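# A structural walkthrough
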Amino acid sequence: LEVFANELEVADGRLTGRYVGDVVDGKRKAELLRLIAQVENVNIAQTIAVGDGANDLPMLSAAGLGIAFHAKPKVKQTARQSISTIGIDGVLYFLGFKDSYIN
């Protein structure tokens with residue numbers, strides 16, 4: 001399991017409003033998707049990315065399947081696929097999984 005996120009700076013037990021390290025922005029998210037696919041020896045066309053904000057658009061475009069999930073209007077309009085009325089398990093249904101496979 002890989003996790004990449006922005007790390008917020010804490011000083012004296014309080015958030016400072018600054019971050020520590022490299023920012024995981026839209027460009028970085030797309031780079032990380034490509035890197036993980038390469039490390040895992042998966043063709044980028046076989047990847048799935050899920051996002052809700054404008055900074056997810058580069059990653060959604062890079063993925064073989066980019067899904068806007070309960071996304072902001074701009075993301076819904078730009079992404080090729082969108083899920084807005086059900087939970088994250090909707091991604092599984094979108095991929096063709098049935099309840100009998102999941103339970």
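Residues numbered from 1 in each chain as written. Predicted model: local features only at pLDDT ≥ 70, side-chain atom pairs only at ≥ 80, totals over all residues. Heavy atoms only, no water.

## What to know about the sheet that holds strand β5 (residues 81–83)
The condition is simple: Any two strands between which DSSP finds at least two bridges are classified as paired. Labels follow the DSSP assignment, with helices taken as runs of H or I lasting at least four residues and strands as runs of E lasting at least two, numbered in each case from the N terminus. Only the stretch in contact is used when fitting a helix axis, every axis being a line fitted to C-alpha atoms; angles between N-to-C directions are given from 0 to 180 degrees.
As summarised here, the arrangement of the three strands in space is β3-β4-β5, forming an open sheet in which the pairing is parallel. The sheet terminates laterally at β3 (48–51) and β5, the two strands that pair on one side only. Shown here is a sheet whose adjacent strand axes are inclined to one another by a mean of 25°, direction ignored. Taken together, the three bridges between strand β4 (residues 65–69) and β5 define a ladder with parallel strand orientation. Of the residues in β5, the one forming a bridge with Phe 69 is Ile 83.

## Observations regarding the side chain of Thr 47
Here is the rule: Any pair of N or O atoms that falls within 3.5 Å is considered a polar contact. Within protein, one atom must be able to donate a hydrogen and the other to accept it, and sequence-neighbouring residues count only if both atoms are side-chain atoms. Throughout, a contact is declared for two residues whenever any of their heavy atoms are within 4.5 Å.
Examined against the element boundaries, Thr 47 turns out to sit in the loop between α1 (26–39) and β3. Within polar-contact distance, the side chain of Thr 47 engages the backbone oxygen of Ile 44 at 2.7 Å. Apart from residues no more than four positions distant in its own chain, Thr 47 is found in contact with Leu 33, Ala 37, Val 42, Ala 63, Gly 64 and Leu 65.

## What to know about the pairing of β4
Applied cut-off: Only protein chains enter the calculation, and the probe is 1.4 Å; a residue is then buried if its accessible area is under 20% of its type maximum, exposed if over 50%, and partly exposed in between. When the strands point away from the viewer, a crossover counts as right-handed if the route from the first strand across the helix to the second turns clockwise.
With five of five residues buried, β4 is to be regarded as a mostly interior element. The two faces of β4 match: Leu 65, Ile 67 and Phe 69 on one face and Gly 66 and Ala 68 on the other face are all buried. Examined bridge by bridge, β3 and β4 share four bridges and lie parallel to one another. Following the sheet pairing, Gly 51 is matched in β4 by Ala 68. Between the parallel pair β3 and β4, the chain is carried across by helix α2 (residues 57–62), and the sense of this crossover is right-handed. Traced from β4 through helix α3 (residues 73–78) to β5, the parallel crossover comes out right-handed.

## Things to note about the nonpolar core
Here is the rule we go by: Here, nonpolar core means buried Ala, Val, Leu, Ile, Met, Phe, Trp, Tyr and Cys residues that are tied together by side-chain atoms lying within 4.5 Å of each other.
Counting residues in each nonpolar core, the largest one holds twelve residues, listed as Ala 30, Leu 33, Ala 49, Leu 57, Met 59, Leu 60, Ala 62, Ala 63, Ala 68, Ala 71, Val 75 and Ala 79. Those elements giving two or more residues to this core turn out to be α1 and α2. With four residues, α2 is the largest single contributor of residues to this core. Setting aside chain neighbours within four positions, we find Ala 79 in contact with Leu 60, Gly 66 and Ala 68. One finds Leu 65, Ile 67, Phe 69 and Val 91 within the second-largest nonpolar core, a separate group that totals five residues.

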